Protein chains: 2
Amino acid sequence: MFVAVMGYGTVGSGVVELLYKNHDSIVKKSMQESLELKYILDLRDFPDSPYQDKFIKDFNIILNDPEVKIVVETMGGITFAYDYVKKLLLSGKSVVTSNKELVAEKGYELLCIAKEKNVNFLFEASVGGGIPIIRPITQCLAANEIDEIAGILNGTTNYILTKMITEQASFENALKNAQALGYAEKDPTADVEGDDSCRKICILASLCFGKHVYPKDVHTEGITKISLSDVAYANSWGGVIKLIAAAKRLDNGKITVTVGPAFVQNHSQLANVDDVFNAILVRGDAIGDVVFYGRGAGKMPTASAVVADVIDAAKHTLKKKNFGWDNAEENYVIDYREQTAALYVRGETDDKEGVIKLLNGEIGAVRVLSLEGAPENELAIITNPATEGELRDKIENIPGFTPKSVIRITDY
Amino acid sequence: MFVAVMGYGTVGSGVVELLYKNHDSIVKKSMQESLELKYILDLRDFPDSPYQDKFIKDFNIILNDPEVKIVVETMGGITFAYDYVKKLLLSGKSVVTSNKELVAEKGYELLCIAKEKNVNFLFEASVGGGIPIIRPITQCLAANEIDEIAGILNGTTNYILTKMITEQASFENALKNAQALGYAEKDPTADVEGDDSCRKICILASLCFGKHVYPKDVHTEGITKISLSDVAYANSWGGVIKLIAAAKRLDNGKITVTVGPAFVQNHSQLANVDDVFNAILVRGDAIGDVVFYGRGAGKMPTASAVVADVIDAAKHTLKKKNFGWDNAEENYVIDYREQTAALYVRGETDDKEGVIKLLNGEIGAVRVLSLEGAPENELAIITNPATEGELRDKIENIPGFTPKSVIRITDY
């Protein structure tokens, strides 16, 4: 059996490396007589690559080669990836991708085509890098109704937050540090504004709850506004700030999906996830909480997830895996303002006692956080859980109080 | 398709409950038209059970019913379970078990029969309760060469150690507490002496490294000798004591497998695993460290893993899963004394300075741990890594030093 790789960037080159390095055990596990790389598609030249003879620049060579049964897409982005992957599936080839944007935006359509053509469209590497998560959800936790899924899905922001927490680095300095180490891109927007986490939670929510969730329907907030005083207040509360992407099933059949900074208690399994590591918590009705932890990005971890999918696709050549979700539905994801949440609020006031009294009256007893060396006019509180939108409105309208930072509190 | 459950204890009754509770989604996921419980085998009477009409006492009814394609074995123990499971597999039925003793002692033979008969023998629930671990190792991490696997595999001992660490309870009191809560059995030997962890690491080692590992070949030590001063020294070292079951591949093709208390650094993902929770760390060549965390025991978590296997067996009725390992091999597991380890040693001496000098001369520079309020004649040290047996012998033979406690140091 022959395989092609499209996109020889970080992940793609890792896939090629792994296909050669662990070749024999990969062939054995795929239950095929052979599993060989035939083409590497990339527009760039790699004159020093040992796989010189594999490089091609014309996509149609792959599309029209009946020997190629499985194609790895590690190009990223949507435009070309979508066009190519669609054509490949339609032509009866299985596709394995690490492209979270592609799956989050076009997953439902591509899964439908794969089903129709009886081929595999697999994307374990699109969430959590090398951490096994897609397959455990679909197979191992199959006996559970999944109630909630939440995680630290972006290594860049987690690295920045870790530096802010452990070294009191400012956001700006921590970001520069991450860029210097290659953990953050020159334009870090997709990471620090939460878009990357958003795509990943869309994929997980689609898988866990059965209907496609699009990024545009998810309220997404990044970490650019987190200050060191928020970090210090989280510590005085007994926890840390993490960028949490979460989805939850509601009793009415709808779901909530949000991405944003959140207070996580110190004893939580998500609190200790530091640096570029990721962790995903799945809450099932039978199993309770299960957490998957590991490297959420990086060349070889992600490549290993891609190659595991290649092996799986090879094993299931004749019989596709039953795998997918239904189309999106209007108003299926509720407005974040309608969800129930407890909030941390830091603000300014010249009359602390008066504002606390007003808050207690409007939203019920709040917990006041104390912090040594905090400005005289700073007030930080924790609310009880309530409808998020109403809570935010009421707090904004407390006379004499100017909120500067509002962060959700998690219960895991 | 029909299913039978053998053994209506904690896990078996959970399986029955789950098969009814999540019936529709289970049928859908199993890709069968139906998936119904036909028999429950148990010698006891359950007059108040709502599943009254399902109970039978004669194993042969299941064995001889061609409608029953999948049998769940949750009886535990070896004698009957081995006889029944063997007959079922030979008769062409798939078997799903949560019985770690059965798999650790008879796994190779039963897997061979299953292969020959083209049926499934699945045992996700035998390790880590509801935590997905068997399937992730065989499928998701398939592109990796696994170098090492280590975990907290027994909830009872982890609960006891947690109480010793967080509440300074003595081993005896913590055990009584665990028994009162139902976490430990009246006769806690299998848990506290490490046998349960040993069976589980045998299964994991067989799966990761490809040859059957028998419990008798594994050096196993429990937690009965751990004192509160060891707990305090671990804290002063910067970590905690956990009961760690670990297996590691060596360069010469052999492996080490051990079960015993170990020092784990505070920043390790295994350090924060408290109470009855379990966690398993897998170290792969491509992915690095991945950790799976969750409830390692209990009715519904374990039942959910069993039912996930039932779903998988149903999906693969026609084509068995490629899954298993080779026969055991003489001297494949090396003697623990030949492995490399760093040790914590606590002992008594009337000449601390002299003993430290002798130790430094015999085994290289040791790190001396200090502890407020420790007895005048107590000395606790950390060694460098060396061949474990030689290290132990040299320390035992230091004149004027009487070792009281020796515990391994982990590097994860």
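Predicted model only: the values in this text are computed from it and were never measured.

Scoring rules and cut-offs
For every chain, the first residue of the written sequence is number 1, and numbering continues from 1 onward in sequence order. The order in which chains are written sets their letters, starting at A; the order in which ligands are written sets their numbers, starting at 1. Local features are withheld for residues below a pLDDT of 70 in this predicted model, meaning they are given only at 70 or higher, and side-chain atom pairs are given and counted only at 80 or more; totals for whole chains, interfaces and linings count all residues. Based on all heavy atoms of the structure, the side-chain values leave hydrogens and waters out of the count. The fit set for superposing copies consists of C-alpha atoms from residues with pLDDT of at least 70 in both; the fit itself is least squares. Contact definition: two residues touch when any of their heavy atoms are within 4.5 Å. We treat two strands as partners when DSSP finds at least two bridges between them. Secondary structure follows DSSP: runs of H or I at least 4 residues long count as helices, runs of E at least 2 residues long count as strands, and numbering of each begins at the N terminus. Where helices are involved, their axes are fitted lines through C-alpha atoms of the stretch in contact, as for all axes, and angles between N-to-C directions lie from 0 to 180°. Throughout this description, buried means an accessible area under 20% of the type-specific maximum (1.4 Å probe, protein chains only), exposed means over 50%, and partly exposed covers the range between. One side-chain nitrogen of Lys or Arg within 4 Å of one carboxyl oxygen of Asp or Glu is enough to make a salt bridge. Starting at the helix axis, one direction is taken to each C-beta atom, and the arc is that of these directions. Buried Ala, Val, Leu, Ile, Met, Phe, Trp, Tyr and Cys residues that are joined via side-chain atoms within 4.5 Å together make up what is termed a nonpolar core. Note on angle classes: values under 35 degrees are labelled roughly parallel, values over 145 roughly antiparallel, values of 65 to 115 roughly perpendicular, and the remainder oblique. Handedness of a helix crossing follows the sense of rotation of the near helix relative to the far helix, less than a right angle counterclockwise being left-handed and clockwise being right-handed. Note on residue classes: Ala, Val, Leu, Ile, Met, Phe, Trp, Tyr, Cys and Pro are nonpolar, Asp, Glu, Lys and Arg are charged, and everything else, Gly too, is polar. Buried area: the sum, over both parts, of the accessible surface (1.4 Å probe) that disappears when the two are put together. Residues enter patches when they are more than 30% accessible in relative terms and free of salt bridges; like-charged ones are connected within 9 Å and nonpolar ones (Val, Leu, Ile, Met, Phe, Trp, Tyr) within 5 Å. What sets the accessible areas is the Shrake-Rupley method with a 1.4 Å probe; for residues, cover comes only from the shown protein chains. Neither His nor the chain ends contribute to the count of charged residues, in which Lys and Arg are positive and Asp and Glu negative. Every charge is mapped onto a representative atom, which is NZ of Lys, CZ of Arg, CG of Asp or CD of Glu. Any Phe, Tyr or Trp ring, taking Trp's six-membered ring, that has another such ring centre within 6.5 Å forms a pair; planes under 30 degrees apart are called stacked, those over 60 apart edge-to-face, and the others tilted. Charges are assigned to positions over rings by a cutoff of 6 Å between ring centre and Lys NZ or Arg CZ, combined with an angular limit of 35 degrees from the ring normal. In this analysis, the expected span of each helix is defined as 1.5 Å times one less than the number of residues it contains. Counted as a polar contact is a pair of N or O atoms within 3.5 Å, where, for protein atoms, one must be capable of donating a hydrogen and the other of accepting one, and residues adjacent in sequence contribute only when both atoms are in side chains.

Colleague: Please set out the relation of the copies chain A and chain B residue by residue, giving values where relevant.
Modeller: Mapping chain A onto chain B is achieved by rotating through 180° and translating by 0.0 Å along the same axis, at an RMSD of 0.0 Å. The two molecules are tied by a two-fold rotation axis, judged by turn and shift. In terms of C-alpha distance to the rotation axis, chain A has F292 of chain A as its closest residue, with the C-alpha 2.4 Å off the axis. The residues that chain A uses at the interface reappear at the interface of chain B in 100% of cases, marking a shared surface.

Colleague: Report on the sheet that holds strand 2 (residues 36–41) of chain B, specifying residues and quantitative values.
Modeller: Residue and element names in this part refer to chain B. Taken together, 6 strands build an open sheet; the order of strands is 3-2-1-4-5-6 and the sheet is parallel. The two strands at the open ends of the sheet, each matched to only one other strand, are strand 3 (55–56) and strand 6 (121–122). Relative to the sheet, helix 12 (residues 299–315) contacts strand 1 (2–6), strand 4 (68–73), strand 5 (94–97) and strand 6, its axis offset from that of strand 4 by approximately 160°.

Colleague: Which residues make up the pairing of strand 1 (residues 2–6) of chain A, and what are the values?
Modeller: All names here are of chain A. For strand 1, the buried fraction is high: 4 of the 5 residues fall into the buried class. Where strand 1 lies against strand 4 (residues 68–73), 5 bridges are found, and the strand directions are parallel. Opposite V5, over in strand 4, you have V72 as the bridge partner.

Colleague: Summarise the pattern of salt bridges; cite the residues concerned and give the values.
Modeller: Residue and element names in this part refer to chain A. Tallied over the entire structure, the rule returns 56 salt bridges over all chains. Between K163 and E167 there is a salt bridge whose closest N-O contact spans 2.8 Å. With K163 and E167 both in helix 7 (residues 155–167) and 4 residues apart, the pair spans about one turn of that helix. A relative accessible area of 14% means that K163 is categorised as buried. Judged by its relative accessible area of 49%, E167 falls in the partly exposed class. Through salt bridges with shared partners, a single network forms among E124, R135, D309 and D312.

Colleague: With reference to specific residues and values, describe the pairing of strand 9 (residues 239–249) of chain A.
Modeller: Residue and element names in this part refer to chain A. Along strand 9, 9 of the 11 residues are buried, which leaves the element largely enclosed by surrounding structure. The pairing of strand 9 with strand 10 (residues 255–265) spans 11 bridges and is classified as antiparallel. Counterpart to V240 in the pairing with strand 10 is V264. What sits between the antiparallel neighbours strand 9 and strand 10 is a turn of 5 residues, in which G253 has the positive phi angle 85°.

Colleague: Give a detailed account of helix 8 (residues 171–180) of chain B, specifying residues and quantitative values.
Modeller: Residues and elements named next belong to chain B. Taken residue by residue, helix 8 has F171, A174, L175 and A178 as its buried positions. Summarising the axial view, the buried residues of helix 8 lie within an arc of 100°, below the 170-degree limit, and thus occupy one face. In helix 8, those exposed residues whose orientation departs by more than 90 degrees from the buried face are K176 and A180. On the buried face of helix 8, the contacting elements are helix 7 (155–167) and helix 9 (189–192). Downstream of helix 8 by a residue or two, G182 has a phi angle that is positive, lying close to 80°.

Colleague: Can you lay out the nonpolar core for me, pointing to particular residues and giving the numbers?
Modeller: Membership of the largest hydrophobic core comes to 245 residues, with the highest contact counts inside it found for I62, F121 and L204 of chain A together with I62, F121 and L204 of chain B. Of all hydrophobic cores here, the second largest spans 32 residues; its members include A246 and L270 of chain A together with A271 and V273 of chain B.

Colleague: Would you mind going over the packing of helix 5 (residues 100–117) of chain B against helix 10 (residues 195–209) of chain B in detail, with residue names and values included?
Modeller: All names here are of chain B. Close contact between helix 5 and helix 10 brings their axes to 9 Å; oriented N to C, the two are set at 50°. Our classification of the angle between helix 5 and helix 10 gives oblique. Note that helix 5 runs across helix 10; the crossing there is left-handed. Of the residues in helix 10, those in contact with K100, E101, V103 and A104 of helix 5 are D196, R199, K200, C202 and I203. Residues that form the contact of helix 5 with helix 10 fall into these classes: 4 nonpolar, no polar and 5 charged.

Colleague: Describe in detail the interface of chain A and chain B, supporting the description with residues and values.
Modeller: Accessible area lost when the parts come together is the quantity often used to give the size of an interface. Facing the 45 residues of chain A at the interface are 45 residues of chain B. Summed over both partners, the interface of chain A with chain B comes to about 3,900 Å²; 51% of that surface belongs to carbon and sulfur atoms. At the junction of chain A and chain B, the tally comes to 2 salt bridges. Here the side of chain A that touches chain B is composed, by residue class, of 22 nonpolar, 12 polar and 11 charged.

Colleague: Can you lay out a negative patch on the surface for me, pointing to particular residues and giving the numbers?
Modeller: Residues E348, D350, D351 and E353 of chain A make up a contiguous surface patch of negative charge. Inspection of the secondary structure puts D351 of chain A in the loop between strand 13 (340–348) and helix 13 (352–363).

Colleague: Please provide a residue-by-residue account of the packing of aromatic side chains, values included.
Modeller: All chains considered together, the criterion is met by 27 aromatic pairs over all chains. Residues W237 of chain B and F263 of chain B carry aromatic rings whose centres are separated by 5.2 Å and whose planes lie at 55° to one another, so their mutual orientation is tilted. With W237 of chain B in helix 11 (residues 228–237) and F263 of chain B in strand 10 (residues 255–265), this pair connects stretches of sequence that are 26 residues apart. Residues W237 of chain B and F263 of chain B agree in their burial class; the two are buried. Note that K106 of chain A overlies the ring of Y82 of chain A, its terminal NZ or CZ placed 4.5 Å from the centroid.

Colleague: Can you explain the sheet that holds strand 5 (residues 94–97) of chain A? Please cite residues and give values.
Modeller: Residue and element names in this part refer to chain A. Overall, parallel pairing links the 6 strands, which are arranged 3-2-1-4-5-6 in an open sheet. A single partner strand is all that each edge strand has here, and the edge strands are strand 3 (55–56) and strand 6 (121–122). Here strand 5 pairs with strand 6 via 2 bridges, running parallel. By the bridge assignment for strand 6, V96 is matched with L122.

Colleague: Account for unusual backbone geometry, naming residues and giving values.
Modeller: Residue and element names in this part refer to chain B. Its identity as a non-glycine residue notwithstanding, M31 has a phi of 60°, on the positive side. Among the secondary structure elements, M31 is positioned in the loop between helix 2 (23–30) and strand 2. A relative accessible area of 34% means that M31 is categorised as partly exposed. Positive phi outside glycine occurs at N331, with the angle close to 60°. Relative to the elements of secondary structure, N331 occurs in the loop between helix 12 and strand 13 (340–349).

Colleague: Tell me about the environment of Y20 of chain A, residues and numbers included.
Modeller: Of note, Y20 of chain A is situated in helix 1 (residues 10–21). Taking the C-alpha atoms as reference points, Y20 of chain A and K394 of chain A, separated by 374 residues in sequence, lie 61 Å from one another.

Colleague: An account of the environment of V3 of chain A is requested, with residue identities and associated values reported.
Modeller: All names here are of chain A. Tracing the chain through its elements places V3 in strand 1. Along the sequence, V3 and I113 sit 110 residues apart, while their C-alpha atoms lie 20 Å from each other. Not counting chain neighbours up to four residues away, the residues in contact with V3 comprise L35, E36, L37, K38, Y39, V68, I70, V72 and V310.

Colleague: Which residues make up helix 7 of chain A, and what values do they have?
Modeller: All names here are of chain A. Spanning 13 residues, helix 7 covers 17 Å between terminal C-alpha atoms, matching the ideal 18 Å at 1.5 Å per step. Most of helix 7 is tucked away: 10 of the 13 residues are buried. Where helix 7 is concerned, the buried positions are G155, T156, T157, N158, Y159, I160, L161, T162, K163 and M164. Where helix 7 is buried, its residues meet strand 7 (146–152), helix 8 (171–180), helix 9 (189–192), helix 11 (228–237), strand 9 and strand 11 (277–284). The opening residue of helix 7 is N154, an N-cap whose side-chain oxygen sits 3.2 Å from the backbone nitrogen of T156.

Colleague: Outline the side chain of D309 of chain A, listing residues and values.
Modeller: Residues and elements named next belong to chain A. Tracing the sequence through the fold places D309 in helix 12 (residues 299–315). Here the side chain of D309 touches E124 through a polar contact of 2.8 Å, landing on its backbone nitrogen. Not counting chain neighbours up to four residues away, the residues in contact with D309 comprise V96, L122, F123, E124, A125 and R135.

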